[in-house]
Every structure is written in C-alpha cells, then in structure tokens.
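Chain by chain, the residues:
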Amino acid sequence: MPLAVGACCLMASLSGAALIARAWPKPSGAHRAPHPMLRPVEALDQFEAHCPHEGRTTLHARLRLGGVVCMDCRNPDGSA
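Keep in mind that this is a model prediction, so the values were computed, not measured.

Criteria and thresholds
- Residues numbered from 1 in each chain as written.
- Predicted model: local features only at pLDDT ≥ 70, side-chain atom pairs only at ≥ 80, totals over all residues.
- Heavy atoms only, no water.
- Helix = DSSP H or I, 4+ residues; strand = E, 2+ residues; numbered from the N terminus.
- Buried < 20%, exposed > 50% of the residue type's maximum accessible area, 1.4 Å probe, protein only.
- Areas by Shrake-Rupley, 256 points an atom, 1.4 Å probe, with all protein chains shown as cover.
- Pairing = 2+ DSSP bridges.
- Salt bridge = Lys/Arg side-chain N within 4 Å of Asp/Glu carboxyl O.
- Polar contact = N/O pair within 3.5 Å; in protein donor to acceptor, adjacent residues only side chain to side chain.

Q: Is there a simple way to think about the overall build of the protein in this case?
A: A count of helical and extended segments in the protein gives 1 helix and 3 strands. Taken from N to C terminus, the helices and strands of the protein fall in the order α-β-β-β. Scored against the burial criterion, the 80 residues of the protein give a buried share of 18%. Approximately 6,400 Å² of the protein is accessible, and the part contributed by carbon and sulfur atoms is 66%.

Q: What's the story with the pairing of strand β2 (residues 56-63) in this structure? I'm lost.
A: Two faces belong to every sheet, and in a regular strand the side chains alternate between them. Here β2 runs beside strand β3 (residues 68-70); their pairing, made up of 3 bridges, is antiparallel. Following the sheet pairing, H60 is matched in β3 by C70. Linking β2 back to β3 in an antiparallel pair, the connection comprises 4 residues, with G66 at a positive phi of about 100°.

Q: What should I look at first to understand the pattern of salt bridges in this one?
A: One side chain can pair with another of opposite charge once the charged atoms of both are near each other. Going through the model one piece at a time under the given rule, you end up with 3 salt bridges. In this structure, R62 engages D45 in a salt bridge whose closest nitrogen and oxygen atoms are separated by 3.1 Å. Here D45 lies in strand β1 (residues 43-51) and R62 lies in strand β2, a separation of 17 residues in the sequence. The exposure class assigned to R62 is partly exposed, which follows from its relative accessible area of 31%. Between R56 and E54 there is a salt bridge whose closest N-O contact spans 3.3 Å. Each of E54, R56 and D72 takes part in salt bridges that share partners, so that together they form one network.

Q: Which parts of the structure should I look at to understand unusual backbone geometry?
A: The phi angle of most residues is negative, glycine excepted, and most peptide bonds adopt the trans form. A positive phi is found at R74, a non-glycine position, where the angle reads about 65°. With respect to the helices and strands, the residue R74 is situated in the segment after β3. Residue classification places R74 among the buried positions, given a relative accessible area of 16%.

Q: Help me understand the environment of H60 in this model?
A: In this structure, H60 sits in strand β2. Judged by relative accessible area, H60 falls into the buried class, the value being 0%. In terms of polar contacts, H60 uses its side chain to reach the backbone carbonyl oxygen of T58, at 3.1 Å.

What follows is the structure, encoded as structure tokens:
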C-alpha cells in the first residue's frame, strides 16, 4: 500500500513538471551572436535586393570571389 501511494505522488509530480516545461518560453533567436563584419577588400559593391531569409528588401554585398551576402542576416543569397 505505501508503495502505491509513493508511485502516485511521483507520477503526479512528474506530470506537473512536464506541464511547466511545456509552458516555458522558447528562445526567439534574438539572442544570437552578431556575425563577423566583411572586410572592405571582400565586398565589391552594395545594393538593395530581396532577402528570402528576412522576407524583405535589405542591403546586400557582392563579394570579390563571387556570390552575394545579405548584410542583415549574413546568409548567402543567389538572387542577384
């Protein structure tokens, strides 16, 4: 009998902990570290283009070795 009561108390406390953990706020990504800056010799020119990651028009840089990088999210983008 005491073993059953202890098991019930344990199950109740674990289910309560699961509900609390599920309600805990998830990270939004606003805390992410800033990306390193491009060196001036790497960027040829800057222009505005649509960034699919940001979902809006942002400033992009065309790189010396080819390719395009969004200056806000630093994700490579082949749109230009």
